Amino acid sequence: MAVCTRFAPSPTGDLHLGGAWTALASWVWARREGGTHLLRVEDLDSPRVLRDAEERILEDLTWLGLDWDGPVVRQSERSEIYEAALGTLYRKGLIYPCDCSRAEIARVASAPHEGEELVYPGTCRERDRARGMRRTPALRVRMPDEVVGYGDIIQGHFEHDLARDVGDQVLRRGDGVFSYQLAVIIDDVASHVSVVVRGADLLASTPRQIWLARTLGAEPPRYAHVPLVVGPDGTRLEKRNRAPTVRALRKAGMSPERVVGELALGLGLAETNEPITPAALAKACAGRELPWRKEPWRIPLSLVAHS
Ligand code: GLU
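Residues numbered from 1 in each chain as written. Predicted model: local features only at pLDDT ≥ 70, side-chain atom pairs only at ≥ 80, totals over all residues. Heavy atoms only, no water.

Enquirer: Got a sec to walk through the layout of surface pockets? Specific residues and values, please.
Expert: Of the pockets and cavities examined, the second largest pocket occupies roughly 330 Å³. Lining the second largest pocket are 17 residues, with Trp29, Arg32, Ile153, Glu289 and Trp292 positioned closest to its centre. The residue makeup of the lining of the second largest pocket, split by class, is ten nonpolar, one polar and six charged. (1 Å grid on protein atoms, 1.4 Å probe; cavity = no way out; pocket = protein on both sides within 12 Å on 5 of 7 lines; lining within 4 Å. Points joined across faces, edges and corners; volume = space filled by probe spheres on them. Nonpolar A, V, L, I, M, F, W, Y, C, P; charged D, E, K, R; others polar.)

Here is the structure:
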């Protein structure tokens with residue numbers, strides 16, 4: 001079966017280098033084998049969505065030399081599909097309403113590991129239905145006491161204990177917004193994505209998505225998590241918007257081939273940072289095993305200085 005990958009930006013700001021890094025990796029993954037590459041705009045979290053951000057991201061991708069097949073998919077236009085999946089899980093007895101506040105959860109939940117979110121302690125799981133709700137409830141899914149193991153093509157094998165590491169996930173927030181976890185796996189399955197190439201910051205989401213796919217009766221895609229992009233000093237880019245944007249590099253007069261050349265070297269797809277187009281890179285990567293980088297990539301000073 002032909003390979004199909006996707007890039008799934010959230011339109012909450014301009015395309016930063018971390019986004020360009022993932023987009024290029026995902027694009028080359030498919031194009032080097034003549035496969036399909038899709039573009040999906042993850043615009044569900046409307047308070048965070050910026051007007052024009054989608055248009056600007058698409059423009060920056062095109063400037064870099066990246067394209068996509070078929071129309072752009074927007075998650076905000078797919079609520080009925082997410083609602084139907086929620087209905088399927090509800091009929092399986094897996095969905096329950098929860099009106100716990102964050103503070104209440106934090107009081108009961110065990111301390112999260114660094115950078116992880118709280119594991120929901122299950123307070124509303126068996127609660128008395130007659131109690132009434134103090135606010136519009138979120139909808140959670142009962143996660144089983146089960147271990148999900150999966151082999152990431154770049155990062156290796158992982159095992160997650162769903163009850164201990166994940167807990168009952170929210171699939172629809174109290175304000176009606178469907179969760180990223182639900183929407184993303186439904187879309188990946190529906191659009192026949194065969195390999196999800198994305199940033200390693202989403203590794204922890206993978207077992208949730210694999211479990212959701214299987215529980216909904218679908219085969220999950222395979223996963224390839226590219227390493228994180230960090231600042232030149234090796235520290236984590238705190239907020240996404242502090243990373244250099246593609247637009248800033250473009251405004252500073254840098255050519256797209258130079259940006260792609262740096263990213264290609266960083267990803268492990270090229271041996272030098274020679275300027276190159278994505279198309280030439282895909283051709284150079286065709287038909288050979290690629291030494292994908294596993295460790296975080298420090299943005300070279302040549303790129304930061306321009307931003
Ligand atoms: N929309 C997510 C982001 O911008 C990416 C989701 C994914 O690739 O699964 O971080």
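What follows continues from the structure just given.
Enquirer: Talk me through the packing of aromatic side chains; I want residue IDs and the actual numbers.
Expert: Inspection of the entire model under this criterion finds four aromatic pairs. Relative to Trp292, the ring of Trp29 has its centre 5.1 Å away and its plane inclined at 25 degrees; by these criteria the two rings are stacked. Taken together, the positions of Trp29 in helix 1 (residues 17-31) and Trp292 in the loop between helix 10 (278-285) and strand 12 (297-298) put the pair 263 residues apart, joining distant regions of the chain. Relative to Phe158, the ring of Tyr150 has its centre 5.7 Å away and its plane inclined at 25 degrees; by these criteria the two rings are stacked. Assessed through its relative accessible area of 6%, Tyr150 is described here as buried. When its relative accessible area of 24% is taken as the criterion, Phe158 is described as partly exposed. The ring of Tyr120 has Arg140 sitting right over it, with the charged end atom 3.6 Å from the ring centre. (Phe/Tyr/Trp six-rings, centres within 6.5 Å; stacked < 30°, edge-to-face > 60°. Helix = DSSP H or I, 4+ residues; strand = E, 2+ residues; numbered from the N terminus. Buried < 20%, exposed > 50% of the residue type's maximum accessible area, 1.4 Å probe, protein only. Lys NZ or Arg CZ within 6 Å of the ring centre and 35° of its normal.)

Enquirer: Describe the pairing of strand 5 (residues 138-141), with residues and values.
Expert: Of the two faces of strand 5, both are covered, the one formed by Ala138 and Arg140 as well as the one formed by Leu139 and Val141. Looking at chain direction, strand 4 (residues 95-98) and strand 5 are connected through four bridges and run antiparallel. For Ile95, the partnering residue across the bridge sits in strand 5 and is Val141. The pairing of strand 5 with strand 8 (residues 170-172) spans two bridges and is classified as antiparallel. When the sheet's bridge partners are listed, Leu139 is paired in strand 8 with Arg172. (Pairing = 2+ DSSP bridges.)

Enquirer: Provide a residue-level description of the side chain of Glu262, including the pertinent values.
Expert: Take Glu262: it is sitting in helix 9 (residues 256-267). Arg258 provides the closest opposite charge to the buried, salt-bridge-free Glu262, at an N-O distance of 4.6 Å. Apart from the residues lying within four places of it in its own chain, the contact partners of Glu262 are Asn273, Trp297, Pro300, Ser302 and Leu303. (Lys, Arg positive; Asp, Glu negative; His and termini not counted. Salt bridge = Lys/Arg side-chain N within 4 Å of Asp/Glu carboxyl O. Contact = heavy atoms within 4.5 Å.)

Enquirer: Got a sec to walk through helix 3 (residues 79-91)? Specific residues and values, please.
Expert: With 13 residues, helix 3 should reach 18 Å at 1.5 Å per residue; the first-to-last C-alpha distance of 18 Å fits that figure. Taken together, the buried positions of helix 3 are occupied by Tyr82, Ala85, Leu86, Gly87 and Leu89. Positioned one or two residues after helix 3, Gly93 has a phi angle of 75 degrees, which is positive. (Expected span 1.5 Å × (residues − 1).)

Enquirer: Summarise the domain arrangement of the protein; cite the residues concerned and give the values.
Expert: Segmentation of the protein into domains returns domain 1 (4-76 + 227-306) and domain 2 (79-183). Computed over C-alpha atoms only, the centres of domain 1 and domain 2 are separated by 31 Å. On the side of domain 2, ten residues touch domain 1, which itself brings ten residues to the contact. Carbon and sulfur atoms supply 57% of the area buried between domain 1 and domain 2, which totals about 880 Å² over both sides. Ranking the residues of domain 1 by area buried against domain 2 places Leu44, Gln75 and Lys294 at the top, with a combined share of 49%. With a shortest N-O distance of 3.2 Å, Asp45 and Arg173 are connected by a salt bridge. There are one residue pair in polar contact (both at pLDDT 80 or more) connecting domain 1 and domain 2. Here the side of domain 1 that touches domain 2 is composed, by residue class, of four nonpolar, two polar and four charged. (Domains from an automatic or database assignment. Buried area = accessible area lost by both parts, 1.4 Å probe. Polar contact = N/O pair within 3.5 Å; in protein donor to acceptor, adjacent residues only side chain to side chain.)

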